[in-house]
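Tertiary structure, described
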Amino acid sequence: MRVVETINDIRAIVKSQRAAGKSIGFVPTMGCLHEGHISLARESIRENDFTIMSIFVNPTQFGVNEDFDKYPRRLEEDSRMAEEVGVDVIFAPSVKEMYPGSYKTFVNVEGITEVLCGKSRPGHFRGVTTVVSKLFNIVQPDKAYFGQKDAQQVLVIKKMVKDLDMNIDIITCPIVREHDGLAMSSRNVYLSGEERKAALVLSKSLFEAEKMILNGERDCKKILNYINEKIAAENRAQVDYISMVDVESLEEISEIQRNVLIALAVKIGGTRLIDNVIVEV
Ligand code: PAF
């Protein structure tokens with residue numbers, strides 16, 4: 001498996017694979033790989049002839065007081081994991097390669113980026129859509145793979161691809177969880193042992209809310225109160241948002257009449273974690 005750092009190098013590889021008639025699957029990541037990323041790579045390898053993974057901690061999607069500087073960077077270990085699963089090439093550009101000093105162009109999806117995570121992380125999705133469009137232009141994949149854990153990110157990227165007529169299939173893969181339910185995330189490495197235990201309140205409250213709906217509860221207020229109380233009882237947890245929204249428009253709903261996305265962001269100590277569940281009714 002090759003690791004390339006320049007746009008010219010990855011373009012040359014893509015060109016030769018295309019000339020050989022190969023289909024290209026793409027897994028964009030910020031590295032610090034875990035089983036969630038690996039599940040995306042596996043799916044890409046299964047569905048395509050050639051799989052490219054990008055590893056790039058994208059500065060434009062981090063706010064000024066966020067964790068860009070301390071975000072874990074482990075290219076060597078990541079390369080080993082990617083090679084083991086069968087990724088063909090890693091594209092790991094520098095910040096300068098992606099955003100030279102003269103850089104001035106941004107891609108923004110309106111509306112659905114202003115709710116949920118967009119409210120507390122203004123500019124975050126603009127950074128995501130900008131870097132993902134650049135990566136799509138560079139790699140020109142047939143299919144690209146994203147995790148359902150970032151439910152809003154997937155919707156935003158699908159909207160961008162549709163609105164900008166990008167000829168790429170966006171494939172969403174299920175959330176991968178630890179044995180006890182914690183959604184896998186590169187940011188889990190920030191958690192102390194006690195915080196790791198406290199973080200279970202996210203998935204536990206989501207699963208219980210799901211049970212309430214499957215047992216017939218339709219009043220979102222009651223469900224949201226239940227989740228809020230459960231999380232408030234965990235003193236290491238501080239709620240950013242807990243929302244029940246339409247699975248496509250992300251508009252808040254008050255009474256469940258169709259499938260619903262329950263999404264939340266909660267700070268455990270200094271670490272902001274997100275999780276979600278889609279309940280089909
Ligand atoms: O989900 C992520 O890891 C990032 O937001 C992405 C899609 C790689 C863009 O930097």
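Our subject is the structure listed above.
This text gives an overview of the structure that appears in the document. As the structure is a computational prediction, the values presented were derived from the model and not from experiment.

Observations regarding the environment of Ile168
Positionally, Ile168 belongs in the loop between helix 7 (151–163) and strand 6 (169–173). Accessibility expressed as a relative area gives 12% for Ile168, which makes it buried. The spacing of Ile168 and Gln148 is 20 residues in sequence and 18 Å in space, taken between C-alpha atoms.

Some remarks on the sheet that holds strand 7 (residues 237–246)
If you walk across this open sheet you meet the 3 strands as 7-8-9, and the pairing is antiparallel. Two strands in the sheet have a free side with no partner beyond their single neighbour: strand 7 and strand 9 (271–279). Recorded for the sheet is a direction-independent mean angle of 15° between the axes of neighbouring strands. Relative to strand 9, strand 8 (residues 260–268) is paired through 9 bridges, and the arrangement is antiparallel. Each bridged residue has a counterpart across the sheet, and for Leu261 the counterpart in strand 9 is Ile278.

What about the site of the ligand?
As a structural note, the neighbourhood of the ligand is formed by Pro28, Thr29, Met30, Asn58, Gln61, Val131, Phe146, Asp150 and Gln153. Contact distances for the ligand include 2.6 Å between an oxygen atom and a side-chain N or O atom of Gln61. Gln153 is positioned with one of its side-chain polar atoms (N or O) 2.7 Å from an oxygen atom of the ligand. Against a free-state accessible area of 290 Å², the protein chains account for coverage of 89% of the ligand. When grouped by side-chain class, the residues that make up the shell around the ligand number 4 nonpolar, 4 polar and 1 charged.

Observations concerning a nonpolar patch on the surface
Among the surface-exposed residues, Met1, Val3 and Leu75 lie close enough to one another that they form a single nonpolar patch of about 200 Å² accessible area. Here Met1 shows up in the segment before strand 1 (2–4).

Some thoughts on the environment of Arg18
Assignment of secondary structure puts Arg18 in helix 1 (residues 7–19). In this structure Arg18 comes out as partly exposed when scored by relative accessible area, which is 32%. Sequence spacing of Arg18 and Arg236 is 218 residues, and the spatial spacing of their C-alpha atoms is 51 Å. Ignoring any residue separated from it by four or fewer positions in sequence, one finds Arg18 in contact with Ser23, Ile24, Gln140, Pro141 and Asp142. Of note is the side chain of Arg18, whose polar atom sits 3.0 Å from the side chain of Asp142.

Considerations on unusual backbone geometry
At Cys32, a position not held by glycine, the phi torsion is positive, near 50°. Structurally, the position occupied by Cys32 is in the loop between strand 2 (24–29) and helix 2 (35–47).

So, the packing of aromatic side chains
Under the criterion given, the structure shown has 7 aromatic pairs. Aromatic side chains Phe62 and Phe68 sit 5.4 Å apart centroid to centroid with 65° between the ring planes, which places their arrangement in the edge-to-face category. Residue Phe62 is classed as buried on the basis of its relative accessible area of 10%. Where Tyr103 meets Phe106, the ring centres are 5.7 Å apart and the plane angle is 90°; that geometry is what we call edge-to-face. The positively charged end of Lys134 is found above the aromatic ring belonging to Tyr99, 5.8 Å away from the centroid.

What to know about the pattern of salt bridges
Scanning the entire structure with this criterion turns up 14 salt bridges. With a shortest N-O distance of 3.0 Å, Arg18 and Asp142 are connected by a salt bridge. You can see Arg18 sitting in helix 1 and its partner Asp142 sitting in the loop between helix 6 (124–139) and strand 5 (143–147), a full 124 residues away along the chain. Notably, a salt bridge pairs Glu66 with Arg121, separated by 2.6 Å at the nearest N-O pair. Taken together, the residues Glu66 in the loop between strand 3 (50–55) and helix 3 (75–85) and Arg121 in the loop between helix 5 (117–120) and helix 6 connect sequence positions 55 residues apart. Its relative accessible area of 31% is what places Glu66 among the partly exposed residues. A residue is classified by how much of its surface remains accessible, and Arg121, at 11% relative accessible area, is buried. A cluster of three or more residues bridged by salt bridges with shared partners is formed by Glu43, Arg46, Glu47 and Lys143.

Calculation notes
- Throughout this document, residue positions are counted from 1 along each chain, in the order its sequence is written.
- Two thresholds apply to this predicted model, a pLDDT of at least 70 for residue-level local features and 80 or more for giving and counting side-chain atom pairs, whereas whole-chain, interface and lining totals are computed over all residues.
- Excluded from the side-chain calculation are hydrogens and water; included are all heavy atoms of the structure.
- The helix and strand labels rest on DSSP assignments: H or I over at least four residues marks a helix, E over at least two residues marks a strand, and numbering proceeds from the N terminus.
- Exposed residues in this analysis have more than 50% of their type's maximum accessible area, buried residues have under 20%, and partly exposed residues fall in between, with area computed by a 1.4 Å probe over protein chains only.
- Strand pairing is assigned whenever DSSP detects at least two bridges linking the two strands.
- Here an angle of 0 to 180 degrees is reported between the N-to-C directions of two axes, which are lines fitted to C-alpha atoms, with helices fitted over the stretch in contact.
- When at least one non-hydrogen atom of a residue lies within 4 Å of a molecule or strand, that residue is treated as near it.
- What qualifies as a polar contact is a pair of N or O atoms within 3.5 Å, subject to a donor-acceptor requirement within protein and to the restriction that residues adjacent in sequence count only when both atoms come from side chains.
- Computed by Shrake-Rupley with a 1.4 Å probe, the accessible areas treat only the displayed protein chains as cover when residues are assessed.
- For this classification, Asp, Glu, Lys and Arg are treated as charged, while Ala, Val, Leu, Ile, Met, Phe, Trp, Tyr, Cys and Pro are nonpolar and the rest, including Gly, are polar.
- The residues that make up patches have over 30% relative accessible area and no salt bridge, and they are joined within 9 Å when like-charged or within 5 Å when they are Val, Leu, Ile, Met, Phe, Trp or Tyr.
- The term salt bridge refers to a pairing of a side-chain nitrogen on Lys or Arg with a carboxyl oxygen on Asp or Glu at a separation within 4 Å.
- In what follows, residue pairs with any heavy atoms lying within 4.5 Å of each other are defined as contacts.
- Side-chain rings of Phe, Tyr and Trp, where Trp is taken by its six-membered ring, are said to pair if the distance between their centres is within 6.5 Å; with planes under 30 degrees apart they count as stacked, over 60 as edge-to-face, and otherwise as tilted.
- Only when the NZ of Lys or the CZ of Arg is both within 6 Å of the ring centre and within 35 degrees of the ring normal is a charge said to sit over the ring.

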